[in-house]
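# Structure assessment
The lines below spell out each chain.
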Amino acid sequence: MESWISTGHLPNEAVVRQLVAEAHQRYGPRREGKVARYIPALASANPADFGIAVASTQGQLFEAGEAHQPFSIQSISKPFLFALICQAIGEREARQKLGVNSTGLPFNSVQAVERAEDGLSNPMVNAGAIAATSLAPGDTAEAKWAFIQEGFSRFAGRPLALDGEVYASEVATNRRNLGIATLLEEQEGIWFDPEATTDLYTRQCALSVTSHDLALMAATLANGGRHPLSGEQVVEPPICQVVLAVMVTAGLYETSGDWIYDIGLPGKSGVSGGMITVAPGKGGLATYSPPLDGAGNSVRGQLTASFLSERLGLHLLASRPASPA
Ligand code: GLN
């Protein structure tokens, strides 16, 4: 059978190790950006924390800084949720129900629902992600949560737990996401109770991960859905292909064009300061650095992704890898 998995490999280990260390040294001193405050529990994050982890599809890990510092996954949950939903209902139905076109709007835009006549957006913004959450298999919120938490844990290769403080803090303040879910209901674009769905979405955003975990989760997407260390086939290879496609068009919301221009790889950011970049066939990069730009994307995360994509020769459209030292 023909393989669905992109091929290629990272440069040799010494080159990757050295470049990860260099990225950390280069961008650690940068002070631009602001820590997210609209979820009160995120405001206390340390702006100096900076972790980098690269996982190859063979399971080698390269880390620098606070790569084991836990934080809530936030919007980086979106590609993994979409993958699990595609696996459950098929990628054709998922596209038909959620849409896959970029909105050009901020992640939490209510307009994302009103923009198109059919109410569709894409699963990388809140509207599409909330709709995707409602499609999780199970008749009850508990059953859906079990599906989500187990699926995410398989992607990470270890059981992931909830950050209860972040969850409670966001539940107390997420009127906007409730508004999006209510609008979706009016458009018949949500398949479970809007309040219960918003609660599930919020819980999933509060799952606690580290850059180390996210690098392996990204590497699983790079590896046709097979976790590089556990060996588990979390989702089938064709699912990874469509997940990476929506990450390219909408992973960084309204700045996705700039992202693909500079980095040339599927990426996804989250408001707690995490970011993943997937090099199909090669590996996953994850960073943690809380200060964000105006679109809600980690400043040091973008700088690191840009540097490593270029120096490791990962740009999908054309690239020249660094030669061994
Ligand atoms: N839970 C956050 C929200 O819905 C996730 C957003 C993000 O990380 N961009 O607002």
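Here is a short report on the structure shown in this document.

What counts, and where the lines are drawn
- Residues numbered from 1 in each chain as written.
- Predicted model: local features only at pLDDT ≥ 70, side-chain atom pairs only at ≥ 80, totals over all residues.
- Heavy atoms only, no water.
- Helix = DSSP H or I, 4+ residues; strand = E, 2+ residues; numbered from the N terminus.
- Buried < 20%, exposed > 50% of the residue type's maximum accessible area, 1.4 Å probe, protein only.
- Salt bridge = Lys/Arg side-chain N within 4 Å of Asp/Glu carboxyl O.
- Near = heavy atom within 4 Å.
- Polar contact = N/O pair within 3.5 Å; in protein donor to acceptor, adjacent residues only side chain to side chain.
- Areas by Shrake-Rupley, 256 points an atom, 1.4 Å probe, with all protein chains shown as cover.
- Pairing = 2+ DSSP bridges.
- Axes fitted to C-alpha atoms, helices over the stretch in contact; angles between N-to-C directions.
- Expected span 1.5 Å × (residues − 1).
- Contact = heavy atoms within 4.5 Å.
- Phe/Tyr/Trp six-rings, centres within 6.5 Å; stacked < 30°, edge-to-face > 60°.

So, on to the environment of Val110. Position of Val110 among the secondary structure elements: in the loop between helix H3 (91-98) and helix H4 (111-114). The exposure class assigned to Val110 is partly exposed, which follows from its relative accessible area of 30%. Sequence spacing of Val110 and Glu188 is 78 residues, and the spatial spacing of their C-alpha atoms is 15 Å.

Pairing is possible between side chains of opposite charge, provided their charged atoms come close. According to the stated counting rule, one finds seven salt bridges in the structure shown. We note a salt bridge from Glu93 to Lys97, for which the minimum N-O separation is 2.6 Å. Here Glu93 pairs with Lys97, and both are found in helix H3, just four residues apart, close to one helical turn. Glu93 sits in the partly exposed class, given a relative accessible area of 31%.

Neighbouring the ligand are Tyr38, Gln74, Ser75, Phe107, Asn126, Glu170, Asn177, Tyr201, Cys205, Tyr253, Gly270 and Val271. Glu170 has a polar side-chain atom sitting 2.7 Å from a nitrogen atom of the ligand. A distance of 3.1 Å separates a nitrogen atom of the ligand from a polar atom in the side chain of Tyr253. Considered on its own, the ligand offers 300 Å² of accessible surface; in the complex 99% of this is hidden by protein.

Take the sheet that holds strand E7 (residues 283-288) next. Pairing between the strands of a sheet comes from backbone hydrogen bonds, and it takes one of two forms, parallel or antiparallel. Strands sit in the order E2-E1-E7-E6-E5 across an open sheet of five strands; the sheet is antiparallel. Each edge of the open sheet is held by one strand with a lone partner, namely strand E2 (61-65) and strand E5 (267-269). Within the sheet, the average angular offset between the axes of one strand and its neighbour, ignoring direction, is 10°.

Taking 1.5 Å as the rise per residue, helix H1 (residues 13-27) with 15 residues should run 21 Å; its terminal C-alpha atoms sit 21 Å apart, in good agreement. Among the structural elements, strand E1 (51-56), E2 and helix H13 (299-311) are those in contact with the buried residues of H1. Structurally, the start of H1 carries an N-cap: the backbone nitrogen of Ala14 is 3.0 Å from a side-chain oxygen of Asn12.

Moving on, we come to the packing of aromatic side chains. Per the counting criterion, the structure on display carries six aromatic pairs. Note on Phe80 and Phe152: the rings are 6.4 Å apart at their centroids and 65° apart in plane angle, and the pair reads as edge-to-face. With Phe80 in helix H2 (residues 77-89) and Phe152 in helix H6 (residues 141-156), this pair connects stretches of sequence that are 72 residues apart. Looking at Phe80, the relative accessible area reads 0%, which means it is buried. For the pair Phe80 and Phe155, a centre-to-centre distance of 4.9 Å together with 65° between the ring planes defines the contact as edge-to-face. One end of the pair, Phe80, is in helix H2; the other, Phe155, is in helix H6, and 75 residues separate them in sequence. The two residues Phe80 and Phe155 agree in class, both being buried. Through pairs of rings, three or more aromatic residues link up here, namely Tyr38, Phe107 and Tyr253.

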